[in-house]
Amino acid sequence: MKFLKKIISSFLLSCLIINLSYAEDQGTQITATDTSPVVTNSSDLLTAEEKPRIFDEGLPKISRSGQNLQPFGANLFAGNYVSRRPSSLDPNYQVMAGDKIALRMWGEATANEILPVDANGNVFIPDVGEIQMVGTRASDVSTKIKTAVGKVYKDGVDVYANLLTASTKEVTVFVTGSVIRPGQYSGLPDDSVLAFLHQAGGVDPRRGSYRQVMVKRGQQRVASMDLYDFVNNGSLPKVLFRDGDTIVVRPQGSMISVEGDIRNNYRFEFLGNSISGAQLIKYARPDSSVTNIAVSGTRDGLPNSSYITYEQFMRTRLYDGDSVRFVSDAPTPVMDISLEGSHLGNSYLAIKRGSRLQEVLDYVSVDPNEADIGNIYIKRKSVAIEQKKNIDEALRRLERSVLTAPASSDGEAAIRAKEAELILKFVERASTVRPEGKVVVSDRGKVANIRMEDGDIIVIPPKSDVVMISGEVQVPQSVVFASNASLKDYIAQAGGFTERANEESLMVVKPNGKVIMGSNPAVAAGDQIMVYPRLDTKDMQFTKDLVQIVYQIAVAAKAVGL
């Protein structure tokens, strides 16, 4: 098992120092004599001279013709459409064949009748004749009948009419064209076009047009609609359906894929051969930070790409198959950083690009009785990414070495298999490690004046009066710091070493993440003492213990997610 000892020992060390990173040699002594920030010219942090770009970074990467994007309007059919039962009490209900109207007349002529609306959409009143009622709003029924009666009886007749019942008869409508499930569907006459399309599965996102939908009655076009108008403005033509009506979804028109710093990442359909950039912007709604647009497509049968400004894009013509990416590409003169831990005042600062740590700390107020200003550290995204890459690479090497290890006998092969099973379980759990990206910037009270990066988090730990002891000790615990106590004294307070402890290689982790190793390193308040296991390759117990200890140490190193 020598190969296993060598490989896993190396990986164990890389996990233990996960939070160690780069600290510059030069440092400046920090002292806290007042809780007020140092007064300097704030323009030093909030302004920066414009610098020319040294080289062209090229066009941003664009996905293959936006094939993964949904068409604009596709989510229209993700919800539910419920048929509304018609009611005569609804003032906007439109009269249909089969409805009943109550009529009362008094004066020169009298009547008290219930008038049915016949198949032709009319009601008949003696001495007055037929009155066309289909399509009349319920609130207008009385006015329409009173007007018709008034043409026959000039004076001396009063009329009152109201809709008594609303028809609940369903109609069947054909839905065809570029839809998911073409067919014949039933619904109420005043159901919307969207309700019938929803029954048919919606517009086919690969083939169908969201801008050319029509309703036909026989050979006559009753209504045409653009679903973009409904998405943006809520406008949808009202259609009173009859049996046999047909909803036709036309084939998809010209399409443009739009991605990047915008609110609507979709494929947009447009009518005609081309569309201007200004028209596309109305639908895509780019972020206010956008400065440039990358356009790729085909011109004169050849691939074409361009990277233009926002103003140029407004005047650019776009064609079917184009891909457009909106980019926020202007160099900003400021960076955003945040503060964590024991500090006073704001938790976020906007600083000049290129500022250094000491310049920022001049604007940070702390309480010297609470803040451990000698153990300041930085959490940096770029460092966390590199740490994650290193851990993943170490895990891959460990996995390859275990799985490809040779065996000289059947017994050794069985042992190798058990070892591999344990190691693979560890690799699975360790692959979820999320390093914090700690950058150690303080040492013995001095802070390195390093250059800040956008998104940095400055952490000022609170002062602590305890020392934590973990690892191969009898009773892992936290004890009160004593200035006259040595490392071995703290080990003794934790019950002493276990049988498997490596007494010659002890570890002290500082609050800022710095690691000191040796047989008797100095201990300060807030430190964590960690005791290595003694690696023994005589039997399988080594592997079991090693996996458990690596897990404990990784957690202690704040590798969240292990």
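Quick caveat, the model's predicted, so the values are computed rather than measured.

Enquirer: How do you make sense of the overall build of the protein chain when you look at a structure like this?
Expert: Across its full length, the protein chain carries twelve helices and 30 strands. Put simply, the protein chain has 562 residues, and 42% of those count as buried. Within the protein chain, contacts between residues separated by at least 24 positions form 67% of all contacts whose residues are at least 6 apart in sequence. About 30000 Å² of surface is accessible on the protein chain, with carbon and sulfur atoms providing 49% of the total.

Enquirer: It is not clear to me how the sheet that holds strand 21 (residues 377–379) should be interpreted in this structure. Could you clarify?
Expert: Sheets are built from strands that pair by backbone hydrogen bonding, the pairs being arranged parallel or antiparallel. Read across the open sheet, the five strands follow the order 20-19-25-21-22; overall the sheet is mixed. Two strands bound the open sheet, and with one partner strand each, they are strand 20 (348–352) and strand 22 (438–440). Mean inter-strand twist for the sheet, computed between neighbouring axes without regard to direction, equals 30°. Pairing analysis gives three bridges linking strand 21 to strand 25 (residues 457–460), with the strands arranged antiparallel. Looking across to strand 25, one finds that isoleucine 378 is bridged to isoleucine 458.

Enquirer: Explain the confidence of the model for the protein chain to me, please; I cannot follow it from the model alone.
Expert: Low pLDDT means the predicted coordinates in that region are not meant to be read closely. For the protein chain, the mean per-residue pLDDT works out to 80, and 81% of the residues sit at or above 70. Across residues 16–59, where pLDDT falls below 50, the model places 89 contacts with residues more than four positions away in sequence or in other chains. Confidence over residues 551–562 falls short of pLDDT 50; this stretch has 29 contacts with residues more than four positions distant or in other chains.

Enquirer: Just to check I follow, could you spell out the environment of glycine 437 for this structure?
Expert: Here glycine 437 lies in the loop between helix 10 (410–430) and strand 22. Overall, the relative accessible area of 0% leaves glycine 437 in the buried class. For the pair formed by glycine 437 and arginine 380, sequence separation is 57 residues and the distance between their alpha carbons is 5.1 Å. Excluding anything up to four places from it in sequence, glycine 437 contacts Ile378, Lys379, Arg380, Val383, Ala384 and Gln387.

Enquirer: Whenever I open this one, the sheet that holds strand 30 (residues 528–533) confuses me. Can you help?
Expert: The strand order across the open sheet built from five strands is 27-26-30-28-29, with neighbouring strands paired in mixed fashion. Both outer strands of the open sheet, strand 27 (477–480) and strand 29 (515–518), are each paired with one neighbouring strand and no more. Across the sheet, the mean angle from the axis of one strand to that of its neighbour is 25°, orientation sign disregarded. As defined by bridge partners, strand 28 (residues 501–509) adjoins strand 30 across five bridges and the pair is classed as antiparallel. In the strand pairing of strand 30, leucine 506 is matched with valine 531.

Enquirer: Explain helix 9 (residues 381–403) here, please?
Expert: In a regular helix each residue adds 1.5 Å, so 23 residues correspond to 33 Å; helix 9 covers 33 Å between its end C-alpha atoms and thus fits that length. For helix 9, the set of buried residues is Val383, Ala384, Gln387, Lys388, Ile391, Ala394, Leu395, Leu398 and Val402.

Enquirer: In this structure, what is going on with the pairing of strand 2 (residues 100–107)? I would like to understand it.
Expert: Remark: a regular strand shows side chains that alternate across the two faces of the sheet. Note: strand 2 against strand 3 (residues 111–116), six bridges, orientation antiparallel. Of the residues in strand 3, the one forming a bridge with methionine 105 is alanine 111.

Enquirer: Please explain the nonpolar core as it appears in this structure.
Expert: Buried together is how nonpolar side chains tend to be arranged in soluble globular proteins. Formed by 42 residues in total, the largest nonpolar core has its most connected members in Leu197, Phe241, Ile247, Val258, Phe313, Val324 and Phe326. Those residues in contact with phenylalanine 313, other than ones at most four positions away along the chain, are Gly277, Ala278, Leu280, Ile281, Ile293, Val295, Ile308, Leu318, Val324 and Phe326. The next biggest cluster of nonpolar side chains, apart from the first, holds 25 residues, and it includes Ala109, Leu115, Val117 and Ala148.

Analysis parameters
- Residues numbered from 1 in each chain as written.
- Predicted model: local features only at pLDDT ≥ 70, side-chain atom pairs only at ≥ 80, totals over all residues.
- Heavy atoms only, no water.
- Helix = DSSP H or I, 4+ residues; strand = E, 2+ residues; numbered from the N terminus.
- Buried < 20%, exposed > 50% of the residue type's maximum accessible area, 1.4 Å probe, protein only.
- Contact = heavy atoms within 4.5 Å.
- Areas by Shrake-Rupley, 256 points an atom, 1.4 Å probe, with all protein chains shown as cover.
- Pairing = 2+ DSSP bridges.
- Axes fitted to C-alpha atoms, helices over the stretch in contact; angles between N-to-C directions.
- pLDDT = per-residue confidence, 0-100.
- Expected span 1.5 Å × (residues − 1).
- Core = buried A, V, L, I, M, F, W, Y, C linked by side-chain atoms within 4.5 Å.

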